[in-house]
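If you want the building blocks of each chain, they are given just below.
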Amino acid sequence: MAKKPEVVSTTYHRLLDSRAATLSGSSAIQYALLADPDHAQVFLLITAAEGGGNFNREVVALDDLEAAVDAAPAGKPFGSKQLKGAYQGRSNNNAPYASAALLAQGLLAKSPEVKFGLVKAGDWDAWRLQMMALPGEVFVFPPVSPEAAKPVTATSAEPKGRKKDKRGGNRFIPVVETAEAGEEVSDANPA
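Treat the numbers as computed from the prediction; the structure is a model and nothing was measured.

The next subject is the pairing of strand E2 (residues 28-35). Of all 8 residues in E2, 7 are buried, a share of seventy percent or more. Relative to E2, strand E1 (residues 10-21) runs antiparallel, the two being bridged by 8 bridges. Along E2, the bridge assignment pairs His13 with Ala35. Hairpin connection, E1 to E2: the antiparallel pair is bridged by 6 residues, and Gly25 has positive phi, about 80 degrees. Pairing geometry for E2 and strand E3 (residues 42-49), over 7 bridges, is antiparallel. Looking at the pairing, Ala32 lines up with Leu45 of E3. Joining the antiparallel neighbours E2 and E3 is a turn of 6 residues, in which His39 adopts a positive phi near 55 degrees.

Below, the structure is given as structure tokens:
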């Protein structure tokens, strides 16, 4: 049986929690701006999608997002998918949600010529300095749950033979014993 890769948490400083309308304007996302402990680099983390869209909870460096924006043809509007290269995850919503956050921060603007087109805007370096000057609060990502910190013992492990419920997490499904043929089943509660 293959071992799951160990998840390593990283400590950041959360500088800002905010909300932004999606590019279509039909729903909203929530995002956090983070800095490394030395406040040398700024990161973006999408934390929630109010419209229910799926996305990868992935911390992405602002430098990587800016490099993706700068890779677009100069002087021409680009689509939100331009930011896809900054993400390791494969969700189609990562790039549009990141674009919505950058739009809300004034680092991108909507193109007047192309519907849903974006252009680079604002002074990214000045914005970085402004963000890194914020004190922030300690933020660990991914968060470590108390259960994950405990070593797995034979008594706390799932019994063999139970299948993982695909709707998320292992769910205990009690075994229901069926009556043998010819036995009566009583509906009365013995309480």
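Next comes the rest of the account.
Moving on, we get to the environment of Gly75. Its location among the elements puts Gly75 in the loop between helix H1 (62-70) and helix H2 (94-104). Look at Gly75 and you get exposed, because its relative accessible area is 85%. A sequence separation of 45 residues divides Gly75 from Lys120, and the C-alpha atoms of the two residues are 9.2 Å apart.

What counts and how
Residues numbered from 1 in each chain as written. Predicted model: local features only at pLDDT ≥ 70, side-chain atom pairs only at ≥ 80, totals over all residues. Heavy atoms only, no water. Buried < 20%, exposed > 50% of the residue type's maximum accessible area, 1.4 Å probe, protein only. Helix = DSSP H or I, 4+ residues; strand = E, 2+ residues; numbered from the N terminus. Pairing = 2+ DSSP bridges.

Function-wise, these values are silent; they only describe arrangement.
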